[in-house]
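Coordinate inspection notes
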Amino acid sequence: LSDEFPQLDVNSPGSVLRDVLVSPLIMLLEPLKREVEYLRTQQSLANGDALAEEELDALLSNIFSERTEGAFARGSVRVFFNSPVSVGLDPAVSFLTAEGTAFIPEEIAAYTPQDLKRSGSQYYIDVAVRSQEANVLANVPANSIRYVNGIDGAVRVTNYSAMSGGVTTETNEDFLVRAERSLSE
């Protein structure tokens, strides 16, 4: 106003125009000013470490970059029994390697004694499993799974083939580096 109408007194404290127009406008625009400042800091990669995964994902989607999502390792575990028994599989059942990598059944299932197959003097079932965590370290080699929790009567367990498909979710730091590299290519 002072540029357009230099004869009006808008800068002096206590002037009518300042009290009626400028002061209320400052109060009304202050939340907008704070929001603009917040958005400015959130739309900056200068502080990439301070951003949550969702915030960084949203920001980098503006340049068409997507985070590499993790994937579970999958495979099959054979569970052996000394005699045919009923077996129930639920999310509480876990299969473990000696290093502690855990696998869980893909599906809830129930097996009757007639469902078990015979191998020599033992009986067995094959269970489709996936890793508990999406991680490349869950791609374990054959015969790595040695322990079972939650199945009564199991005498031993093993995986005759390697688990595969496990991918670790990309960290914020790795995602940011990859996105910056894609911009320079």
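So, a few notes on the structure that sits alongside this text. (Residues numbered from 1 in each chain as written. Predicted model: local features only at pLDDT ≥ 70, side-chain atom pairs only at ≥ 80, totals over all residues. Heavy atoms only, no water.)

1. Focus on helix 2 (residues 53-61)
So the rule is basically this: Buried residues are those whose accessible area, probed at 1.4 Å on protein chains only, stays under 20% of the maximum for their type, while exposed residues exceed 50% and partly exposed ones sit between those limits. Helix and strand labels come from DSSP, where a helix needs a run of H or I of at least four residues and a strand needs a run of E of at least two; each type is numbered from the N terminus. The directions from the helix axis to the C-beta atoms are what the arc is built from.
Within the sequence span of helix 2, burial applies to Leu-56, Leu-59 and Leu-60. Down the axis of helix 2, the buried side of the element spans an arc of 90°, and every buried residue falls inside it.

2. Quick word on helix 3 (residues 172-184)
To keep things clear, this is the line we draw: Take the number of residues in a helix, subtract one, and multiply by 1.5 Å to get its expected span. Contacts: residue pairs with any heavy atoms within 4.5 Å of one another.
In this model, helix 3 (13 residues) spans 19 Å end to end at C-alpha, consistent with the 18 Å of a helix rising 1.5 Å per residue. Taken together, the buried positions of helix 3 are occupied by Asn-172, Phe-175, Leu-176 and Ala-179. Taken around the axis of helix 3, the buried residues stretch over an arc of 100°, which confines them to a single face. Exposed residues on helix 3 whose side chains face more than 90 degrees from its buried face are Glu-173 and Ser-184. Of the surrounding secondary structure, the elements contacted by the buried residues of helix 3 are helix 2.

3. Quick look at the packing of aromatic side chains
Stated formally: Classification of ring pairs uses Phe, Tyr and Trp, with its six-membered ring standing for Trp, and accepts pairs whose centres are within 6.5 Å; under 30 degrees between planes counts as stacked, over 60 as edge-to-face, and the remaining range as tilted. Counted as over-ring charges are cases with an Arg CZ or a Lys NZ within 6 Å of the ring centre that also lie within 35 degrees of the ring normal.
A complete count under the given rule lists one aromatic pair for this structure. Positioned above the aromatic ring of Tyr-124 is the side chain of Arg-78, whose terminal nitrogen or guanidinium carbon lies 4.0 Å from the ring centre. The ring centre of Phe-80 lies 3.7 Å from the NZ or CZ of Arg-156, which sits over that ring.

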